[in-house]
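Inside the fold
What follows is each chain in one-letter form.
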Amino acid sequence: MFESIKEFASEFFVTGDPLIYGADVGIALTMIAIVFVLTYFKRWGWLWREWLTSVDHKKIGIMYIIASLLMLFRGGVDALLMRTQLVMPDVEFLNPEHYNQIFTTHGVIMILFMAMPLMFGLFNIVIPLQIGARDVAYPFLNSLSFWLFFWGAMLFNVSFVIGGSPDAGWLAYPPLSELSHSPGVGQDFYIWGIQISGIGSLMTGINFIVTILKMRAPGMKLMQMPMFTWSTLSSCITIIFAFPILTVTLALLFLDRYLGAHFFTLDGGGNPMMYINLIWMWGHPEVYIVVLPAFGIFSEIVATFSRKKLFGYKSMVFALMSISFFSFFTWAHHFFTMGSGANVNAFFAITTMIIAIPTGVKVFNWLFTMFRGRISFKSPMLWTMGFIPCFVIGGMTGVLLSVAPADFQFHNSYFLIAHFHQVLIGGVAFGYFAGLYYWWPKMFGFKLNEKLGKWAFWLWNIGFYVCFMPQYFLGLDGMTRRVSTYGWDMGWGPLNMVSTIGGFLMGIGFLFQVWQIAHSIKFMERDTTGDPWNGRTLEWSIPSPAPVYNFATLPQVTAQDEWWEEKQRREQGHKPAPQPPLEPIHMPRNSGIPFIKSLCWFIAGFGFVFDWLWMAIPGLAGVAICMLVRSFTYNTDYYIPVDEVKRTEAALRGSV
Amino acid sequence: MPTAWKRLSALLTLVLTMVLLSGCSDPLMVLDPKGPIAAQQRDLILISSLLCAVILVPVLIMTFVIAWRYRDKPGNKSKYTPKWEHSTKLEAIWWGIPIVIIGILAVITVQYTHATEPSKPLESEKETMVIQVTSLDWKWLFQYPEQDIATVNYLQFPADVPIRFELTSDAPMNSFWIPQLGGQMYTMSGMAMKLHLLADEPGSFFGSGANFTGRDFGKMNFEAKATTQEEFDAWVKQIKSDSPPLTLDGYEKLAEPGVTQEQSFSSFPEGLFNKTVNKYASSHHHGEKESSAQEPEGADKKAEETDSGAGGHDSHDENHAGH
């Protein structure tokens, strides 16, 4: 009996690596600490009532952001482990299996569990406030989306210590990801972790499209929407076309692995190429999905901090929409070297290059928004300024990669690695950081310390160039991606060393941001105005942090940059338009179902991973029961009485 | 766009290239081509970099100038026009210039795409030589059908002779890449891809598998050595005399996952490459029609007929003779 338990445990838990034992201890200690703190301060009820069951878009947004920053930490540690291995290629700091697991999880985590949720966090916090709405269109669905993401991400992450991580690369090409080459459970964790959170992403896409189209404040025309709202709309449209492809692709891969189907195996009439086409039909639009909102963020910030109206609004909208359209015609550039023939390659080369045009136009429009403005370099603007050169260079190397015959030399090399990190860090990470600094006061009611923020900014930026510029040269010198070892005689050692130093500089930059947040919580500068940056859009017209109902009375919109115009009118001595009398506010009720249902999905997913039907079936039954219970729940909303609105407003405005 | 910008960007690119070529002790492989395909790709890389620089350099300069000139400091006398938000002329310029540049780049790309299409035979007075490449876990098997020898993780061929590499895989998809001779090409099971390369001069070049295939994929490097015809013939002769033959059993053992040293074989089972390509063909329900054996010459004609890379499917049918 004892023997069989021991044998089971050694298969169930990942063993044999000191790094993983360290992680085991770390995870156990953190869990104990969390349980202790919650119990000691009697916070369990508070956690459940105020957060886990909340359908308030602002709280969901904050939870998204916390989770994604934790994932940024984990993905970052993965990156530094890889870079450490590459400075000492002769030493097995990480053995090849472990290295493969780490780059696989690094990719998946950074794109799907860091960039996506950070983006969703910003959508959640900003969009309803920016369009003058009281919530998103489907608050319950919104909470469900978050918890599906969260439990999907957890399922993916436990593979690190239980069962073993996937190691077939972040897009899991067959046959490497098939049972024949990945017999362990790692690949099943990959499928179920992404599948569960992917459903959440798709629902968020639908939710925000409806929110933006149907919930705008009275008077706000489409062409008066703030640019971040536009970018969210274009990103969500791309999501609803791209994510179903991912869902189906992973479902087919699951059928291959679980039921012995042959969709992607050569024997039995399948074809791995089918997978590669499908995964990139999702995968390439995906990078535009994450970068489009960053464009919106920059547009908001550039206008605000240059104290000038955004230049070329219509161009910007057109550019956003054409990028999301063309993003679906570029997928084959990921396999130019597959011998599809000159005409096919030329077609996809040109459709890829075309995207550079609207993207370039956006950069010019930002520059001309700054032109003849008055630019103040607060944190959000600083990150925007860091973004422009970084993204322009990254975009240019992207154009180089799109030149099909030249791509035969760049493909799969470090040149490619350098390029996509440049657009994803320079574009997406810097963009979302800018957004976080910009809307932080709106979320929490205090600003972040500027001095520590500047340190973080410069460490990240300098670290970025030190890390990734050498990789372009490594690529041109024949170094391929995903190698864990190379001979010293290749002469790649020095550049790899420089690159690793840059990676660690970015890591220190991240620590400065953690310090900055901790420091600012302790010595916070309270923002009592609700409008600390002299903003232009509606979210700055309400107190910070926003009350649960956002707007006591829904604003009447007459122009683009409504809040800015309003401030101008007030300055000129116009009286604010008379407010209609307060009315009770209709709000959605909190619900524990999204959390429980997603947890059931986690249990079902875990069961499928280990092929334990005794666990998967009750998990799925739990999901079904949750749906049933919800469909018979009639008490889903309530009204905030006028008195309470008055009291809240007085308390919030009283401190102005 | 003023010519000054162009001159500046040309100069910058030139300086950058010089730094790249001289700064390191060895020049970067891709920028140091030893064959016509790689040379065209290098040229294309430089031309497209230059075209991109036409936009990149002014944008970088503008960014710094604008940020400096219009910064918010007391007494900044530069113009401030908070409501200026549109200028058709300006927007036409920056929609126009990228469109023109991408247009030029597109034309160049289409030309080069056809010129360097890997399945297209290279023009040369000498006859094309065939080398069949199979990627295995985690090693490369090279078969020389005309010489009837085979090697593992080592490649030798005469300089100045056009080579047609026929590529397949008996393991997960890999990518065959000798940067100094030309760009890479995927090796895929069930297909035979073609990649035409040529070395201008004798020399030893670095080759590797570029696409991730699992545990020891990082060790799938090989030396590609171009020699004179005489040296090549001598080398073949030597292998013929002192290496063991590769048997079917031997191949099965070789194909098992694992790393190995360089090896050579004085012969290999007939039709081994085609057999590898057609390993899964029995489970395909298309392309089952039988055709006569078309070894190098026949396949070559086929490749000339279609300049598309559908070579995979063509040889799919041709190679049925291997059964």
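Keep in mind it's a predicted model, so treat the numbers as computed, not measured.

So, on to the UniProt feature "domain: Cytochrome oxidase subunit I profile" (unreviewed entry) in chain A. As recorded in UniProt, the feature "domain: Cytochrome oxidase subunit I profile" (unreviewed entry) lies at residues 40-558 of chain A. In this annotation, residues 40-558 of chain A is assigned 68% helix and 1% strand; the end-to-end C-alpha distance for the span is 52 Å.

Let us now look at the packing of helix 8 (residues 227-259) of chain A against helix 10 (residues 313-326) of chain A. Residue and element names in this part refer to chain A. As a packed pair, helix 8 and helix 10 sit with axes 9 Å apart at the nearest point and diverge in direction by 15°. Regarding the angle of helix 8 to helix 10, the classification is roughly parallel. The handedness of the crossing between helix 8 and helix 10 comes out as right-handed. Facing helix 8, whose interface residues are Met227, Trp230, Ser231, Leu233, Ser234, Ile237 and Thr238, helix 10 presents Tyr313, Met316, Val317, Leu320, Met321 and Ser324.

Further remarks concern the environment of Leu81 of chain A. With respect to the secondary-structure elements, Leu81 of chain A resides in helix 4 (residues 57-87). Spatially, the C-alpha atoms of Leu81 of chain A and Ala153 of chain A are 21 Å apart, while their sequence positions differ by 72 residues.

It is worth spelling out the packing of aromatic side chains at this point. Residue and element names in this part refer to chain A. One pass over the structure, following the stated rule, counts 101 aromatic pairs over all chains. With a centroid separation of 6.1 Å and an interplanar angle of 70°, the aromatic rings of Phe12 and Phe606 are classed as edge-to-face. With Phe12 in helix 1 (residues 2-12) and Phe606 in helix 19 (residues 593-609), the pair connects residues that are 594 residues apart, well separated along the chain. The class for Phe12 is buried, based on a relative accessible area of 11%. Seen from their ring centres, Phe263 and Phe264 are 6.4 Å apart, and the 50° between their planes marks the pair as tilted. Overall, Phe263 belongs to the partly exposed group, its relative accessible area being 38%. Given the relative accessible area of 1%, Phe264 is considered buried. Here the guanidinium or amino end of Arg43 rests over the ring plane of Trp46, the centre of that ring lying 4.5 Å away. Above the plane of the ring of Trp51 lies Lys59, whose end atom (NZ or CZ) is 5.4 Å from the centre.

All names here are of chain A. As a packed pair, helix 5 (residues 96-130) and helix 8 sit with axes 11 Å apart at the nearest point and diverge in direction by 135°. By the angle between their axes, helix 5 is oblique relative to helix 8. The element helix 5 and its partner helix 8 pack so that their crossing is left-handed. Of helix 8, the residues touching helix 5 (which contributes Leu112, Met116, Met119, Phe120, Leu122, Phe123, Val126, Ile127 and Gln130) are Phe228, Thr229, Thr232, Ser235, Cys236, Ile239 and Phe243. Its residues assigned to classes, the contact of helix 5 with helix 8 comprises twelve nonpolar, four polar and no charged.

Another point: a nonpolar patch on the surface. Residues and elements named next belong to chain A. Taken together, Phe36, Val37, Tyr40 and Phe41 make up a surface patch of nonpolar side chains, about 480 Å² in accessible area. Of note, Tyr40 is situated in helix 2 (residues 18-40). Overall, Tyr40 belongs to the exposed group, its relative accessible area being 56%.

Here we take up the side chain of Ser48 of chain B. Relative to the helices and strands, Ser48 of chain B resides in helix 2 (residues 36-69). Looking at Ser48 of chain B, its side chain comes within polar contact range of the main-chain oxygen of Ile45 of chain B, at 3.3 Å.

Peptide bonds are trans in most cases, and residues, glycine excluded, mostly fall at negative phi. Omega for the peptide link from Pro174 of chain A to Pro175 of chain A comes to 0°, which places this bond in the cis form. Within the element layout of this structure, Pro175 of chain A appears in the loop between helix 6 (139-158) and helix 7 (186-214). Between Asp137 of chain B and the following residue, Trp138 of chain B, the backbone shows a cis peptide bond with an omega angle of -10°. Note on placement: Trp138 of chain B falls in the loop between strand 1 (129-136) and strand 2 (139-144). Here the phi dihedral of Asp561 of chain A falls at roughly 55°; this positive angle occurs in a residue that is not glycine. Locating Asp561 of chain A in the fold gives a position in the loop between strand 2 (525-526) and helix 18 (562-571).

Criteria and cut-off values
Residues numbered from 1 in each chain as written. Chains lettered and ligands numbered in written order. Predicted model: local features only at pLDDT ≥ 70, side-chain atom pairs only at ≥ 80, totals over all residues. Heavy atoms only, no water. UniProt positions renumbered as here; feature names shortened; annotations may be inferred. Helix = DSSP H or I, 4+ residues; strand = E, 2+ residues; numbered from the N terminus. Axes fitted to C-alpha atoms, helices over the stretch in contact; angles between N-to-C directions. Parallel < 35°, antiparallel > 145°, perpendicular 65-115°, else oblique. Left-handed = near helix turned anticlockwise from the far one by under 90°. Contact = heavy atoms within 4.5 Å. Phe/Tyr/Trp six-rings, centres within 6.5 Å; stacked < 30°, edge-to-face > 60°. Buried < 20%, exposed > 50% of the residue type's maximum accessible area, 1.4 Å probe, protein only. Lys NZ or Arg CZ within 6 Å of the ring centre and 35° of its normal. Nonpolar A, V, L, I, M, F, W, Y, C, P; charged D, E, K, R; others polar. Patch = residues over 30% accessible without salt bridge, like charges linked within 9 Å, V, L, I, M, F, W, Y side chains within 5 Å. Areas by Shrake-Rupley, 256 points an atom, 1.4 Å probe, with all protein chains shown as cover. Salt bridge = Lys/Arg side-chain N within 4 Å of Asp/Glu carboxyl O. Polar contact = N/O pair within 3.5 Å; in protein donor to acceptor, adjacent residues only side chain to side chain.

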